[in-house]
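# Observations on chain architecture
Single-letter residue listing:
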Amino acid sequence: MRLYATVAAGGFRRYATYRVATLAGLFTNTVFGFVFSYTYIALWAERPALGGYSMADALAYVWIGQALITVCGMMGGGFEDELIERIRTGDIAVDLYRPADLQGWWCAANAGRAAYQLLGRGAVPLLIGAFAFGFTLPADPAGWAAFLLAVALGSLVSFALWYLVAMSAFWLLDGQGVVQVAWLTGLFFSGMLLPLNVFPGTLGEVARALPWAALLQVPADVYLGRYGDGWGLVRAYGFQLGWLALLLAAGRAAQAAATRKVVVQGG
């Protein structure tokens, strides 16, 4: 565990060195937060209580999305391009022979990245949105703790998804096509454009059952208190943990198959 803690700390420090990029991302998130906010205001003025959200809830949802867009990797996990490049060049063979688990290594590095993004690009836009539009912040530490746990689980589900995307490069000539498909899918089915609760009929039921819902929709609903407490929160976390276990197992299987392929080719 000490090794992976060191890797996570290294991931945090690595992204902390890009201060200008952090400021640019913070500015971009804030601008898009205002754009989405006024779009939502117009939409909710025509359709009050759309998806069961009040106007204040909808605005909070916008800024939660802007705070978590990089933390939970709706538009990319932040590591998949590097991993795909290592697979393409063959450098991944060295990684597979290291006395450290490949999946665990990248998960730890991504955890450090996500922690920095939460502090560097997440907290400030959320506070700016709350100040500008007056939506409610959690009133007590328990509310913040419940929300942050949902964010942590969402970030882990995101890692598991993007790890599978990167592993596809072992069998494809170029992993960028899969990255683009995953990017578009994540943007839509995470609820980044609109809350999944406003999707009608079967589309909404399917969207809320997919793993991308764990990235934004679930943390946002935990923040807004839509799960209540007690068993409601257990159900929300159970949804995230279920997908996390399934996706990590799939990533583990893909890694084992990739290792066999490397061994056969190397032999």
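Residues numbered from 1 in each chain as written. Predicted model: local features only at pLDDT ≥ 70, side-chain atom pairs only at ≥ 80, totals over all residues. Heavy atoms only, no water.

## Points about the overall build of the protein
Note the following rule: A run of H or I in DSSP becomes a helix once it reaches four residues, and a run of E becomes a strand once it reaches two; helices and strands are each numbered from the N terminus. Radius of gyration here uses only the C-alpha atoms, and the compact-globule reference equals 2.2 Å multiplied by the residue count raised to the power 0.38. Buried, partly exposed and exposed residues are distinguished by accessible area as a fraction of the type maximum, computed with a 1.4 Å probe on protein chains only: under 20%, between the cut-offs, and over 50%, respectively. In what follows, a contact means two residues having at least one pair of non-hydrogen atoms within 4.5 Å.
Counting its regular elements, the protein contains 11 helices and 0 strands. Mapped in sequence order, the helices and strands of the protein form the string α-α-α-α-α-α-α-α-α-α-α. Radius of gyration (C-alpha) of the protein: 19 Å, near the 18 Å computed for a compact globule of 267 residues. The principal-axis extents of the C-alpha atoms in the protein amount to approximately 65 × 40 × 35 Å. A burial count over the protein gives 47% of its 267 residues as buried. Nonlocal contacts in the protein, meaning residues at least 24 apart in sequence, comprise 78% of its contacts between residues at least 6 apart.

## Some remarks on the nonpolar core
Our working rule: Buried Ala, Val, Leu, Ile, Met, Phe, Trp, Tyr and Cys residues that are joined via side-chain atoms within 4.5 Å together make up what is termed a nonpolar core.
In this structure, Ile 64, Leu 68, Met 74, Phe 135, Leu 216 and Tyr 223 are the most contacted members of the largest nonpolar core, which totals 44 residues. Where this core is concerned, the elements lending two or more residues are α2 (19–46), α3 (55–68), α6 (102–133), α7 (141–167), α8 (176–189), α10 (217–223) and α11 (231–266). At 9 residues, the largest contribution of residues to this core is made by α3. One finds Phe 79, Leu 102, Trp 162 and Ala 182 within the second-largest nonpolar core, a separate group that totals 20 residues.

## Details of the pattern of salt bridges
Note the cut-off: Salt-bridge detection follows one rule: a side-chain nitrogen of Lys or Arg within 4 Å of a carboxyl oxygen of Asp or Glu.
For the structure on display, the rule yields 5 salt bridges. Among the salt bridges present, the one from Asp 95 reaches Arg 86, with a minimum N-O distance of 2.7 Å. The exposure class of Asp 95 is buried, given its relative accessible area of 4%. Among the residues examined, Arg 86 registers a relative accessible area of 22% and is labelled partly exposed. Here Asp 101 makes a salt bridge to Arg 252, at a shortest N to O gap of 2.3 Å.

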